[in-house]
Amino acid sequence: MADHILEVKHLRTHFIGEGGEQVRAVDDLSYDVERGEFCAIIGESGSGKSVSALSVLRLIPYPPGLIMEGEVIFDGRDLMELSDDEMEELRGKEISMIFQEASAALNPVMTIGDQIAEALTTHTDMGDKEAHDKAIELLRMVDIPNPEQRVKQYPFEFSGGMQQRAMIAMAMSCKPKILICDEPTTALDVTVQAQVLEQINHLRETTGTTIILITHNLGVVARYADSVKIMYGGKIVEEGETNEIFHHPHHPYTSGLIKAVPRLDRDGESLFTIEGEPPNMATIPPDSCAFAPRCQFCDEICKTKRPETVQVGEGRHTCACHHMQDFGKEDLS
């Protein structure tokens, strides 16, 4: 029996517009993550990936955002039932997050060292001196040069890439049970991206930390992830083990994402494109498939009935598509 460290059940997060319209940013989202695995969540900008992660940590700003309903079961506890003080204690210690925009997440009036040390003194029994020394060690671990001096500097004295690495050091400081990484290598060059991802994966291997990686980079997913969740229109449309998803996708959106990746063994071929744009969830009918306006297989049932998530074959592979029995025969090996 699978050991689930995180179970998200029917989570809905809406944003209220100035005119009163509701945008369903997270729309009946359900998934689970096994303890110790490296899980990737993939989808275009606007699919709800970051909002879903912020919802798990109850960091949605109100107004205009509001978690309407749902359960988030972490290690046997429903985070939606915890008090604000209990959530404050849990964040950073048991569940930590690397935010995409480090410049907005870091405190501009505190030194980098103080911000890392604050996390350590808040959630562990370290004293100030020990936390300061640990902050230096963490900066060195993420390849910040001259960490003994850098630890005394403020965020504005760091480049964008160094700010992101400092955020990673802070998130990893307490060795959390779950580390949510929201595009953690956005501001880094390719070489440093590889180093950072290796460090994150090493943390998982040495401490058992569960990794949830939000990304657009399918190459990273193929190299590191044990399982993949494809997100579109605020919900998971397909998920399963990485090899199964990449080689035997059953949802047209999953297939489109994979085909759009350049491949060296197909020189001269035009890149596949998914026509249209991500949906405006304020206008998409709730009783329909959100991908219908962009799908070449769309018919009347797609416009009037939301597809249910069903299991595909054996294992963890599931999909929500009315036409997956016909489409799912495709092999992208």
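Let us look at the structure shown here. Worth saying up front: this structure is predicted, and the values here are computed from it rather than measured.

### Topic: helix 5 (residues 128-141)
- For helix 5, built from 14 residues, the straight-helix expectation of 20 Å at 1.5 Å per residue is met to within 8% by its first-to-last C-alpha distance of 20 Å.
- Along helix 5, the positions that sit buried rather than exposed are Ala131, Lys134, Ala135, Ile136, Leu138 and Leu139.
- Looking at the buried side of helix 5, the elements it contacts are helix 4 (112-123), helix 6 (147-150) and helix 7 (160-172).
- Of the residues trailing helix 5, aspartate 143 is marked for its positive phi of about 65°.

### Description of the pairing of strand 7 (residues 178-182)
- Summarising burial for strand 7: five of the five residues are buried, a large majority.
- The two faces of strand 7 match: Ile178, Ile180 and Asp182 on one face and Leu179 and Cys181 on the other face are all buried.
- Bridge count for strand 7 against strand 8 (residues 210-215) is five bridges, and the pairing is parallel. Directly across from isoleucine 180, in strand 8, lies its bridge partner isoleucine 212.

### Things to note about the sheet that holds strand 6 (residues 95-98)
- With mixed pairing, eight strands are arranged side by side in an open sheet as 6-7-8-3-9-10-12-11. Because the sheet does not close on itself, it has two edges, and the strands there are strand 6 and strand 11 (310-311).
- Relative to strand 10 (residues 235-241), strand 9 (residues 227-232) is paired through six bridges, and the arrangement is antiparallel. Across the sheet, residue methionine 231 finds its bridge partner in strand 10, namely isoleucine 236.
- Across the sheet, helix 7 lies against strand 6 and strand 7, angled at about 175° from strand 6, the strand it touches most.
- Across the sheet, helix 11 (residues 252-259) is in contact with strand 3 (38-42), strand 9 and strand 10; its angle to strand 9 comes to roughly 110°.

### Section: the sheet that holds strand 1 (residues 4-16)
- Ordered in space as 2-1-4-5, the four strands form an open sheet in which the pairing is antiparallel. Where the open sheet ends on each side, the last strands, each with one partner, are strand 2 (22-34) and strand 5 (77-78).
- In this sheet, strand 5 lies alongside strand 4 (residues 65-74) in antiparallel orientation, the contact comprising two bridges. Residue isoleucine 73 lies in a different strand from strand 5, and its bridge partner there is aspartate 78.

### Quick look at the pairing of strand 9
- The buried fraction of strand 9 amounts to six of the six residues, a majority that puts the element mostly inside the structure.
- Every second residue of strand 9 is oriented toward a common face, with Ser227, Lys229 and Met231 on one face and Val228, Ile230 and Tyr232 on the other, all of them buried.
- Here strand 3 runs beside strand 9; their pairing, made up of four bridges, is parallel. Residue pairing across strands places isoleucine 41 opposite lysine 229, the latter belonging to strand 9.
- Turn length for the strand 9-strand 10 hairpin, with the two strands adjacent in sequence and antiparallel, is two residues, and the turn residue glycine 233 shows positive phi of about 60°.

### Quick word on the packing of helix 4 against helix 5
- At a minimum axis separation of 8 Å, helix 4 and helix 5 run at an interaxial angle of 120°. As far as their axial angle goes, helix 5 and helix 4 are oblique. Here the hand of the crossing between helix 4 and helix 5 comes out right-handed. Residues Ile112, Gly113, Ile116, Ala117, Leu120 and Thr121 of helix 4 pack against Asp128, Ala131, His132, Lys134, Ala135, Leu138 and Leu139 of helix 5.

### Here's the deal with unusual backbone geometry
- Here the amide bond leading from tyrosine 62 into proline 63 is cis, since omega sits at -15°, within 30 degrees of zero.
- Looking at where proline 63 falls in the secondary structure, it is placed in the loop between helix 1 (49-56) and strand 4.
- The residue after proline 63, namely proline 64, is reached through a cis peptide bond having omega 5°.
- Here proline 64 shows up in the loop between helix 1 and strand 4.
- Unlike most non-glycine residues, arginine 58 shows phi in positive territory, near 55°.
- Relative to the helices and strands, arginine 58 is located in the loop between helix 1 and strand 4.
- The phi angle at aspartate 143 is positive, at roughly 65°, despite the residue not being glycine.

### Regarding the packing of aromatic side chains
- Evaluation of the coordinates by the stated rule reveals five aromatic pairs.
- Measuring from ring centre to ring centre gives 5.2 Å for tyrosine 232 and phenylalanine 291, while their planes differ by 85°; the resulting arrangement is edge-to-face. Note that tyrosine 232 is positioned in strand 9 and phenylalanine 291 in the loop between helix 11 and helix 12 (300-304), a separation of 59 residues in sequence.
- On the basis of relative accessible area, tyrosine 232 is assigned to the buried category, the value being 3%.
- Ring pairs connect the aromatic residues Tyr232, Tyr253 and Phe291, which therefore count as one cluster.
- In this arrangement the basic side chain of arginine 150 is found over the ring face of phenylalanine 158, its NZ or CZ atom lying 5.5 Å from the centre.
- Above the plane of the ring of phenylalanine 272 lies lysine 259, whose end atom (NZ or CZ) is 5.2 Å from the centre.

Quick notes on the rules
- Residues numbered from 1 in each chain as written.
- Predicted model: local features only at pLDDT ≥ 70, side-chain atom pairs only at ≥ 80, totals over all residues.
- Heavy atoms only, no water.
- Helix = DSSP H or I, 4+ residues; strand = E, 2+ residues; numbered from the N terminus.
- Expected span 1.5 Å × (residues − 1).
- Buried < 20%, exposed > 50% of the residue type's maximum accessible area, 1.4 Å probe, protein only.
- Contact = heavy atoms within 4.5 Å.
- Pairing = 2+ DSSP bridges.
- Axes fitted to C-alpha atoms, helices over the stretch in contact; angles between N-to-C directions.
- Parallel < 35°, antiparallel > 145°, perpendicular 65-115°, else oblique.
- Left-handed = near helix turned anticlockwise from the far one by under 90°.
- Phe/Tyr/Trp six-rings, centres within 6.5 Å; stacked < 30°, edge-to-face > 60°.
- Lys NZ or Arg CZ within 6 Å of the ring centre and 35° of its normal.

In short, the description is geometric, and any link to function would need to be established separately.
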